[in-house]
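Fold and contact review
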Amino acid sequence: MCLTFNEQISSFGKPEGQRIKVLPPQTGTGKSQGLAVYCSCLSEGDNLGVLIVVRLKEQANDTADTINKLAGKTIALARHTDTSVTQEELEQSPVVIITHKAYENGLDAVARGEPEQSAWSQYHTFRDGQRQLVVIDEALDLLQESKVRLDQVRYLHASLSTKNSPEEASALETLGHFMTIYEALTEAHPEGREMVVSQNDLKTLDPTSLTILRQSLMSKRLDKAMLGRDDKKQNRQLIRLYSEILKSVQAIMASWRIYGTKGDQYWLSTAKLILPDEGCGAVILDATANENVLYSLLPNRVDPPVKLPSNARSYANVTLHVSTGHRLGKNYLEDNAKKEVASLMSDLKESGLMDRKVLICCHKSVEPVIKLYEHHFKALGVAHWGAIDGRNGWSDYDCVVIFGLPYRDDFYSANLFFAAQGPQPTDWLRQQDQRKWQDFKDVRQSIKVSNLSTSVIQGINRVRCRRVVDSLGNCASTDVYLLLPSDQTGRMLLKDIKDHMPSIVSTSWKLKAARRAPKTSNHLEAFLTCLANMPAGRKSFSDIKQQLGLDRSASDFIRRKLSNPPEGFMDRLTVHQVSYEATGVKRGSQIWFEKIPA
């Protein structure tokens, strides 16, 4: 680690210093502590300046505290929305720690040609020069996708087709031409089979002409025009939604585009990578780098992961219980949550896990249903995909269950490859034998599995198997319960897990359907989790009741709590920007919950 950091600093300002280096130290080998020790050893005379990028605000605070404690003085500052750091303090601090989100926002602003819209230059400025070392802890989300449905374009065009200035009318005409071309595409290819749309189809349209429409949205009262009522909160939500759709349309007009279907809807998509500019190199610390295909796709900017000793960790004390033949996508498990969760809980109970500390990684919409069974365990942690990486609150848990896989839609794998390597012909989308690239037999399939592998491996290593307990790199005894599909994706994912966790003991496990589901409780906590996880918009109490499978007794209990909220109840709703109102009276009454977009 020190050698890589030193090389990056010594090559600052040179071509090799503009490249991105990747270090893949295994979980539990002390990469965060090693980084803190390195920074604490920097002397005042070095005048180097370090920028560290971590996933969470809590991590930023902890990293700064650790560095300062080791250094015996304040040399590191955490900068995020919960801290008050002046620009002068930022530029004078030898070490600055920010979050992934802040760094990605800066990358996006630079990519748009609007660096002044972020603190990007402040992050990299150190005294009279530039910070010479940038360290990114865990992989960033570098792909910016733009996708739009045909029905969204139609609705947007109709909504904006009233009382427009001449400039807006011209922009609306451009949007109308885009819609016409999109409609003709769906009529010519109603089956929605994936294809690359010819550049000629949209070459007459100027994407910049739509900027005037985005700007004019801020002065419109869409709530009155569309909803027939004065609702400023809803108006802000509509403006944000319409602005995002217009941005996606602009991106699709300006670049290559893929046509296809998702569910029963037609979609157009494009994407771009948001990378640091060529004058800014970095070192990425990524435990799952060897499973991440992204780095292989960027040979002009990213060096291959540094080869490290393979025997730093041993997972001989970890037992991997594998059950195959399952449907694990978000839509299926959301629609069948009550039945599938009941089967899982019944099986875990029969397996004797009730006196264990168990973490379950699942889809966001399934999380509240799992919480109904919290009382059956010594401790039950539940985490959903997208909010797992970097969290260490379960490091003393001795069991983890992977219940559901975080599949990306089919557009993602194609968008990533096209963004990194340039657009490919339609045959690349449709034929597996056209997708051989470097050592990958089917690079698209490898990208899909790579996304799953990095997430699942991170999920597994949230529990105590992440901690080394002896000089051989072993951890304390841990059980992993993994549900997989019976297909190539499942087999490739299992191989990645075994390769990443050497000496892990694998055994078969057959998850059986529940003959009798364990009793549920903790209904209020499950209900609040459901509200916290709901997307922006409105949802009725009846819908939540159905999602959680609440009986009449549980429903009445929650209604009483809504009528007379216990201490902290309203605070939970406020934190997640959820409000509620009751409409109607007696039997005709209904309770509605509304969440404002973040």
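Residues numbered from 1 in each chain as written. Predicted model: local features only at pLDDT ≥ 70, side-chain atom pairs only at ≥ 80, totals over all residues. Heavy atoms only, no water.

1. Comments concerning the overall build of the protein chain
Our working definition: Numbering goes from the N terminus for both helices and strands, where a helix is a DSSP run of H or I of at least four residues and a strand is a run of E of at least two. Only the C-alpha atoms count toward the radius of gyration. The rule for a globule is 2.2 Å times the residue count to the power 0.38. The cut-offs for exposure are 20% and 50% of the maximum accessible area for each residue type, with area from a 1.4 Å probe on protein chains only; residues under the lower value are buried, those over the upper are exposed, and the others partly exposed. It only takes one pair of heavy atoms within 4.5 Å for two residues to be counted as in contact. Per-residue and other accessible areas follow the Shrake-Rupley method at a 1.4 Å probe size, with only the shown protein chains counted as cover for residues.
Helix and strand content of the protein chain: 22 helices and 21 strands. Relative to the globule expectation of 25 Å for 598 residues, the C-alpha radius of gyration of the protein chain, 26 Å, shows essentially globular dimensions. Along the first, second and third principal axes, the C-alpha set of the protein chain runs to 70 × 65 × 55 Å. Of all 598 residues assigned to the protein chain, the portion counted as buried reaches 52%. Once local pairs closer than 6 in sequence are excluded, the contacts in the protein chain between residues at least 24 apart make up 75%. Carbon and sulfur atoms make up 47% of the accessible area of the protein chain, which amounts to about 28,300 Å² in all.

2. Topic: the environment of Pro 535
Among the structural elements, Pro 535 can be located in the loop between helix 19 (523-533) and strand 19 (537-540). A relative accessible area of 59% places Pro 535 in the exposed class. Sequence separation of Pro 535 and Glu 594 is 59 residues, and the distance between their C-alpha atoms is 9.2 Å.

3. A short note on the packing of aromatic side chains
The relation between two aromatic rings is expressed through the spacing of the ring centres and the mutual angle of the planes. What counts, and what does not: Pairing of aromatic rings covers Phe, Tyr and the six-membered ring of Trp, with a centre-to-centre limit of 6.5 Å; geometry is then stacked below 30 degrees between planes, edge-to-face above 60, and tilted otherwise.
The full count for this structure, using the stated rule, is 13 aromatic pairs. Residues Phe 5 and Tyr 38 carry aromatic rings whose centres are separated by 5.0 Å and whose planes lie at 70° to one another, so their mutual orientation is edge-to-face. Highlighted residues: Phe 5 in helix 1 (residues 2-10) and Tyr 38 in helix 2 (residues 31-40), separated in sequence by 33 residues. Here Phe 5 and Tyr 38 have matching classes, each one buried. Considering the side-chain rings of Tyr 259 and Tyr 266, the 6.0 Å spacing of their centres and the 10° angle between planes classify their relative orientation as stacked.

4. Re helix 3 (residues 57-71)
Note the following rule: In this scheme, a helix's expected span is set at 1.5 Å multiplied by one less than its residue total. The directions from the helix axis to the C-beta atoms are what the arc is built from.
Taking 1.5 Å per residue, 15 residues should reach 21 Å; helix 3 reaches 21 Å between its end C-alpha atoms and fits that length. Buried residues of helix 3: Gln 59, Ala 60, Thr 63, Ala 64, Ile 67 and Asn 68, and no others. Projected down its long axis, helix 3 shows its buried positions confined to an angular sector of 160°, all on one face. Turned more than 90 degrees away from the buried face of helix 3 sit Asp 65 and Lys 69, all of them exposed. Trailing helix 3 by a residue or two, Gly 72 shows a phi angle of about 75°, which is positive.

5. Overview of the pairing of strand 15 (residues 379-384)
Consecutive residues of a regular strand have side chains that alternate between opposite faces of the sheet. Here is the rule: Two strands form a pair only when DSSP identifies at least two bridges running between them.
Most of strand 15 sits out of view: six of its six residues are buried. With burial as the criterion, each face of strand 15 is covered, one bearing Ala 379, Gly 381 and Ala 383 and the other bearing Leu 380, Val 382 and His 384. Pairing analysis gives six bridges linking strand 14 (residues 357-362) to strand 15, with the strands arranged parallel. Residue Lys 357 lies in a different strand from strand 15, and its bridge partner there is Ala 379.

6. Some words on the sheet that holds strand 8 (residues 143-149)
Inclusion rule: For helices, the fitted line uses only the C-alpha atoms of the stretch in contact; every axis is such a line through C-alpha atoms, and the angle between N-to-C directions lies from 0 to 180 degrees.
On the basis of which strands lie adjacent, the open sheet formed by four strands has the order 8-11-10-9 and antiparallel pairing. Two strands in the sheet have a free side with no partner beyond their single neighbour: strand 8 and strand 9 (195-196). Both strand 9 and strand 10 (residues 258-262) contribute to a ladder of two bridges, which runs antiparallel. Across the sheet, Val 196 pairs through a bridge with Ile 258, a residue of strand 10. Sheet contacts for helix 11 (residues 232-254): strand 8 and strand 11 (265-273); angle to strand 8, the most-contacted strand, approximately 105°.

7. Details of the pairing of strand 4 (residues 95-99)
Defined as follows: We call a crossover right-handed when, viewed with both strands directed away from the observer, the connection leading from the first strand over the helix to the second proceeds clockwise.
Strand 4 sits mainly inside the fold: five of its five residues count as buried. Neither face of strand 4 is open: one carries Val 95, Ile 97 and Thr 99, the other Val 96 and Ile 98, and all of them are buried. Judged from the five bridges that link them, strand 2 (residues 50-54) and strand 4 form a sheet pairing that is parallel. Its bridge partner being in strand 4, Val 54 is matched across the sheet by Thr 99. When strand 3 (residues 76-78) meets strand 4, the two strands line up parallel, connected through three bridges. In the sheet register, Ala 78 faces strand 4, and the bridge partner there is Ile 97. With respect to chirality, the unit in which strand 3 leads through helix 4 (residues 87-92) into the neighbouring parallel strand 4 is right-handed.

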